[in-house]
Amino acid sequence: MSKGYRILASTGIHKGDRDYQQDQVELMQHTRIPNCLLAVLADGMGGRSGGRKASDQVMLTARQLFNRFDPETDDPRALLKQIVNESHMVIKLTAVSAEQEPHSTIAAFLLLPNGESHWVHAGDSRVYHFRQGKLLHRTTDHSYVQTLVNQGEITEQEALDHPHANILMGCLGTENDPPIDLHAVPKLNAGDALMACSDGIWHYFSPEELASTIAMLSPREACEFLIQKARTRARGTGDNLSLVVVKLDPLI
């Protein structure tokens, strides 16, 4: 029998070295269903007003759809797909009045009362799953450099400093339909942790650093530490930073 756990969670956000904040992150608790959570992170792009409008629309759409979701009868994968598709359409509509063409990434994970977890992502914001201080799985970026990594042309480390590291192959708000990558964890265990973050965070850490930080610190402390450390390592050139950390703390 698996050990019981309590859920500990925190979000963190900082504008970094940019003049304005286009990231958005939120951890939503279902209004009717206990122990049903949705973490959503969006990295907006497209000028000051465009990027923020795009990430705002992701949050608003996710909140509305999640509050109508019933884990007893509804398909969690369908919910996540709907969040991506509806956010994409609304962002395209806002392009008419936006300062520049608005786009956004999304990285989201859903925790169900039965211990299942379902993820979705589009773009280069990531979801990580850690277990007992080790990385089990992470999402794969929809980016040009990730394509090069997949083809064996460059390494993961080389991708970090590639001149085209910021080119996305898919996200929300473009003319093309967004990529929708889904992942499921059949059963989360005590000692597991999930994290969603924008590239302003993950760009500056190895998977081992992320895993050990989240294992050793509380979610709030981990968010504060990773933001501070990423800002230091960026040396005045950092992007917006955002993350959400959820840990399943074993009951003693």
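Parameters and conventions
Residues numbered from 1 in each chain as written. Predicted model: local features only at pLDDT ≥ 70, side-chain atom pairs only at ≥ 80, totals over all residues. Heavy atoms only, no water. Helix = DSSP H or I, 4+ residues; strand = E, 2+ residues; numbered from the N terminus. Rg over C-alpha atoms; globule rule 2.2 N^0.38 Å. Buried < 20%, exposed > 50% of the residue type's maximum accessible area, 1.4 Å probe, protein only. Contact = heavy atoms within 4.5 Å. Lys, Arg positive; Asp, Glu negative; His and termini not counted. Charge placed at Lys NZ, Arg CZ, Asp CG, Glu CD. Axes fitted to C-alpha atoms, helices over the stretch in contact; angles between N-to-C directions. Left-handed = near helix turned anticlockwise from the far one by under 90°. Nonpolar A, V, L, I, M, F, W, Y, C, P; charged D, E, K, R; others polar. Pairing = 2+ DSSP bridges. Salt bridge = Lys/Arg side-chain N within 4 Å of Asp/Glu carboxyl O. Core = buried A, V, L, I, M, F, W, Y, C linked by side-chain atoms within 4.5 Å.

The name given to the chain in an unreviewed UniProt entry is Serine/threonine-protein phosphatase, and the organism recorded there is Hydrogenophaga borbori.

A. Layout of the overall build of the chain. In terms of regular secondary structure, the chain is built from 7 helices and 11 strands. Against the compact-globule benchmark of 18 Å for 252 residues, the chain has a radius of gyration of 17 Å, which places it among compact chains. Dimensions of the chain along its principal axes, counting C-alpha atoms only, are 50 × 40 × 35 Å. Out of the 252 residues in the chain, the part that is buried amounts to 49%. Taking contacts inside the chain between residues at least 6 apart in sequence as the whole, the part at least 24 apart equals 71%. If the 24 positive side-chain charges of the chain are averaged to one point and the 31 negative ones to another, these points end up 6 Å apart.

B. Geometry of the side chain of Gln 146. Structurally, Gln 146 is set in helix 3 (residues 144-150). Those residues in contact with Gln 146 that lie beyond four places of it in its chain are Arg 138, Thr 140, Asp 141 and Glu 156.

C. How the structure looks around the packing of helix 6 (residues 207-216) against helix 7 (residues 219-234). Closest axis-to-axis distance for the helix 6/helix 7 pair is 9 Å, and the angle between their directions is 145°. Judged by the sense of rotation from one axis to the other, the crossing of helix 6 with helix 7 is right-handed. Taken together, the residues of helix 7 that come into contact with helix 6 (itself represented by Glu 209, Leu 210, Thr 213 and Ile 214) are Ala 222, Phe 225, Leu 226 and Arg 233. Each residue belonging to the contact of helix 6 with helix 7 can be placed in one class, and the counts come to 5 nonpolar, 1 polar and 2 charged.

D. Molecular detail of the sheet that holds strand 1 (residues 5-14). Strand order across the open sheet formed by 5 strands is 1-11-10-7-8, with antiparallel pairing between neighbours. The sheet terminates laterally at strand 1 and strand 8 (134-138), the two strands that pair on one side only. Neighbour to neighbour, the strand axes of the sheet diverge by 20° on average, direction disregarded. Strand direction decides the pairing type here: strand 1 and strand 11 (residues 241-250), joined by 10 bridges, are antiparallel. Each bridged residue has a counterpart across the sheet, and for Ile 7 the counterpart in strand 11 is Leu 248. The strands that helix 6 touches are strand 7 (126-131), strand 8, strand 10 (192-197) and strand 11; relative to strand 7, the one it contacts most, it runs at about 60°. Each of strand 1, strand 10 and strand 11 is contacted by helix 7, which is oriented at about 30° to strand 1, the strand it contacts most.

E. The arrangement of unusual backbone geometry in detail. Despite not being glycine, Asn 35 has its phi angle at roughly 60°, a positive value. Mapped onto the elements of the fold, Asn 35 is located in the loop between strand 2 (23-29) and strand 3 (37-45). One non-glycine residue with positive phi stands out, namely Arg 235, at about 55°. With respect to the helices and strands, Arg 235 occurs in the loop between helix 7 and strand 11.

F. Quick peek at the pattern of salt bridges. Under the counting rule described, the total for this entry stands at 11 salt bridges. Asp 56 is the salt-bridge partner of Arg 52, the closest N and O atoms lying 3.1 Å from each other. Residue Arg 52 and its partner Asp 56 are located together in helix 1 (residues 47-68), separated by 4 residues, close to a single helical turn. Ionic pairing is found between Glu 209 and Arg 233, a salt bridge with its closest N-O pair at 2.9 Å. One end of the pair, Glu 209, is in helix 6; the other, Arg 233, is in helix 7, and 24 residues separate them in sequence.

G. Fine view of the pairing of strand 8. With 4 bridges joining them, strand 7 and strand 8 adopt antiparallel strand pairing. Across the sheet, the residue bridging to Arg 131 is Lys 134, located in strand 8. In textbook terms, the turn of a hairpin is the stretch between consecutive antiparallel strands, and for strand 7 and strand 8 this stretch comprises 2 residues, one of which, Gln 132, has a positive phi near 50°.

H. Just the nonpolar core, in detail. Counting 25 residues, the largest nonpolar core has Leu 38, Val 40, Phe 66, Ile 83, Ile 106 and Leu 110 as the members making the most contacts within it. In terms of residue count, helix 1 provides more of this core than any other element does, 6 residues in total. Each residue touching Ile 83, except ones within four places of it in the same chain, is listed here: Leu 38, Thr 61, Ala 62, Leu 65 and Ile 106. One finds Ile 201, Trp 202, Ala 222 and Leu 226 within the second-largest nonpolar core, a separate group that totals 21 residues.

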